[in-house]
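Working through the structure, step by step
Each chain is listed here by its residues.
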Amino acid sequence: MAKTCELRVLLRRFYDLVNQPDKDVEELASEWAGREGELWEAMGRKYGAAKVRQVLTAPSGFSKAPFPTAALALHAEVIAEIVGTSALDERDDKARRMSTRSHLALTALRVLQNVGATAKTHLQTHGGLCAVVDACSPLTTVVAEPGATERSTSTVFVRVDKNFANFARSHVGMAAPPAHVPPRDVAEILRRTKAWRAFVVKGSDAMDRAARDEETTLRAFLEEENGKRGKKKNLARALLERRPSESA
């Protein structure tokens, strides 16, 4: 199933490239799953081998690949929630292992726990989490845990482009702006969503709490240090006061 999802992503990119963005890739991906080599040979004969190579060798990351802007606009609320979750989430060991140099990983369970009721309804209407996430590749992609014997919310992972996660974090002061920023139209699509505004509030609150915690920790440290200095002064004063009697 994971390979079928990956094939759908590649087919969407391919048909965008050959100016057929409305082509239905669902049936095609299911029909050719497991025979991808034959499919791309046929595509090469029909559209040209150069176009097939361009899609199959395209680097990941929004700084290097075109976005399916129409799909992103359609699924903006869901994708904004996923990006916000990836920016604020503390990944466990499994999620860290499934992350790559270009993408951060979240379990599907973690994503579904964080999206709201409206987003869940949207997912049900548009074919589920896998279909929506893959439609917005390379910003988000779906992968399965290697060696998993069954497909579940704990063995399926959503990967989010690290540049976009850091772009989100920079909006609430949690990180410096990334070296590669998203295209302006892509950024504007997400900024207009309720989910993005909610993320900004949540992220700002997290930063405020962190600042208060840091201030409290610093105050406690200074009080402890002052207490230590006070004890040393009292000890020194006591020793000085005892010297005359001790020398008598």
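We now turn to the structure provided with this report. Note that this is a predicted model, so its numbers are computed, not measured. (Residues numbered from 1 in each chain as written. Predicted model: local features only at pLDDT ≥ 70, side-chain atom pairs only at ≥ 80, totals over all residues. Heavy atoms only, no water.)

Counting residues in each nonpolar core, the largest one holds 37 residues, and the members touching the most others are Ile82, Leu190 and Trp196. Per element, the largest residue contribution to this core is seven residues, and it comes from helix H6 (residues 76–88). Leave out the neighbours within four places in its chain, and isoleucine 82 touches Leu106, Val111, Leu129, Val133, Thr140, Val158 and Val160. By size, the runner-up hydrophobic cluster in this structure holds 15 residues, among which are Leu7, Phe14, Val18 and Leu39. (Core = buried A, V, L, I, M, F, W, Y, C linked by side-chain atoms within 4.5 Å. Buried < 20%, exposed > 50% of the residue type's maximum accessible area, 1.4 Å probe, protein only. Helix = DSSP H or I, 4+ residues; strand = E, 2+ residues; numbered from the N terminus. Contact = heavy atoms within 4.5 Å.)

Time to look at the pairing of strand S3 (residues 156–161). Among the six residues of S3, six are classified as buried, and the element is accordingly described as predominantly covered. Here S3 shows a buried face lined by Val156, Val158 and Val160 and a second buried face lined by Phe157, Arg159 and Asp161. As paired strands, strand S1 (residues 103–107) and S3 are joined by five bridges and run antiparallel to one another. The residue of S3 that forms the bridge with leucine 106 is valine 158. In this sheet, S3 lies alongside strand S2 (residues 140–144) in antiparallel orientation, the contact comprising five bridges. Looking at S3, one finds that valine 143 is bridged to phenylalanine 157. (Pairing = 2+ DSSP bridges.)

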